[in-house]
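As a plain string of letters, each chain reads:
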Amino acid sequence: MSVLPDALKNVKALTFDVFGTVVDWRSTVHGELIRRARDKIASSAFEKLPESLQSHLKDISDEDWGTFAQEWRNSYGKFTWSFVPGKTEWKDIDTHHYDSLKELLQKWGVAGVYTEEETRSLSLTWHYLRPWDDSAAGIQKLGTRYVTATLSNGNRSLLEDLNEHGTLGFRRIISTADFGAYKPHPSTYRGAVDTLNCVPEQVAMVAAHLGDLQAARTNGLRTIYVEREGEESQ
């Protein structure tokens, strides 16, 4: 049997950040934005749009869609980090993604390109993000030794879809929405510990974001950093 490092001794559960740590949101969202634009341009409905909209959509390059994807992600970070439980009106992440998408389409001059149904569908791209190559196998193997759980700002249905889509094998699904807050609010880490029937030092937070880990550590959890391309450099 392998010898556990000191950092994991007495740990019973691992809580995982999901966006960026477990799933590669960037390539999935970027690719879907490109695909949707190309499909729209090739559709019979495209010629019925005003010429200005047609022109704006055609002028957005594949590289531009990467910038769009990053702005979409940045809006999520700004929303969750600025959320104040009990003061800020509650909004789940699906609703945020939809509202933010509409704002970005307006900003980029292509509001009206997609129908309401198409916009709603595009906003749900975050339910089907591609896992990093080592995620599923790693989480499943760790699950034979520890209770593995999500601890993500994503709403429960989103996390359940990601778990199923990526065959991730999480033993527990914990959303910060369960506690009416978003990371890095202390109640999210403490709430996860209580949900797992543990004390803080029995839980290790796994994340690719140092801010998330610092907040977890402040609340007594152990921490494990996973480096993912592009995540900590944001």
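Residues numbered from 1 in each chain as written. Predicted model: local features only at pLDDT ≥ 70, side-chain atom pairs only at ≥ 80, totals over all residues. Heavy atoms only, no water.

**Student:** Any chance you could explain the layout of surface pockets here in plain terms?
**Tutor:** With a probe scaled to a water molecule rolled over the atoms, the places where space remains empty come into view. Within this model, the second largest pocket holds a volume of roughly 260 Å³. Mapped onto the lining of the second largest pocket, the elements with two or more residues apiece are strand 1 (13-16), helix 6 (135-142) and strand 6 (222-225). It is helix 6 that provides the largest number of residues to the lining of the second largest pocket, a total of 4 residues. Its residues assigned to classes, the lining of the second largest pocket comprises 11 nonpolar, 3 polar and 2 charged. (1 Å grid on protein atoms, 1.4 Å probe; cavity = no way out; pocket = protein on both sides within 12 Å on 5 of 7 lines; lining within 4 Å. Points joined across faces, edges and corners; volume = space filled by probe spheres on them. Helix = DSSP H or I, 4+ residues; strand = E, 2+ residues; numbered from the N terminus. Nonpolar A, V, L, I, M, F, W, Y, C, P; charged D, E, K, R; others polar.)

**Student:** Sorry if this is basic, but what is going on with the environment of Phe-19 here?
**Tutor:** Secondary-structure assignment places Phe-19 in the loop between strand 1 and strand 2 (23-24). Note: C-alpha distance between Phe-19 and Ser-152 (133 residues apart in sequence) is 7.7 Å. In this view, Phe-19 contacts Trp-25, Arg-73, Tyr-76, Trp-126, Leu-129, Ser-152, Gly-154, Leu-158, Leu-162, His-209 and Glu-231; residues no more than four positions away in its chain are not counted. (Contact = heavy atoms within 4.5 Å.)

**Student:** Where do I start with the pairing of strand 6 in this structure?
**Tutor:** Each regular strand carries side chains that alternate between the two faces of the sheet. For strand 5 (residues 203-207) and strand 6, the ladder comprises 4 bridges, and the chain directions are parallel. Counted as the bridge partner of Val-206 is Ile-224 from strand 6. (Pairing = 2+ DSSP bridges.)

**Student:** Would you take a moment to explain empty space enclosed by the protein for this structure?
**Tutor:** According to the stated counting rule, one finds 1 cavity of 30 Å³ or more in the structure shown. Residue contributions to the lining of the largest cavity peak at 3 residues, all from helix 7 (residues 156-165). Residue composition of the lining of the largest cavity, grouped by class: 6 nonpolar, 2 polar and no charged.

**Student:** Could you clarify how one ought to interpret unusual backbone geometry in this entry?
**Tutor:** Among all residues except glycine, the phi angle is most often negative; among peptide bonds, the trans geometry is most common. Across the junction of Lys-183 and Pro-184, the peptide omega takes the value 15°, indicating a cis bond. Tracing the chain through its elements places Pro-184 in the loop between helix 7 and helix 8 (186-195). Its identity as a non-glycine residue notwithstanding, Asn-10 has a phi of 70°, on the positive side. For Asn-10, the position within the fold is in the segment before strand 1. Look at Asn-197: it is not a glycine, yet its phi comes out positive at around 55°. Classification of Asn-197 as exposed rests on a relative accessible area of 71%. (Buried < 20%, exposed > 50% of the residue type's maximum accessible area, 1.4 Å probe, protein only.)

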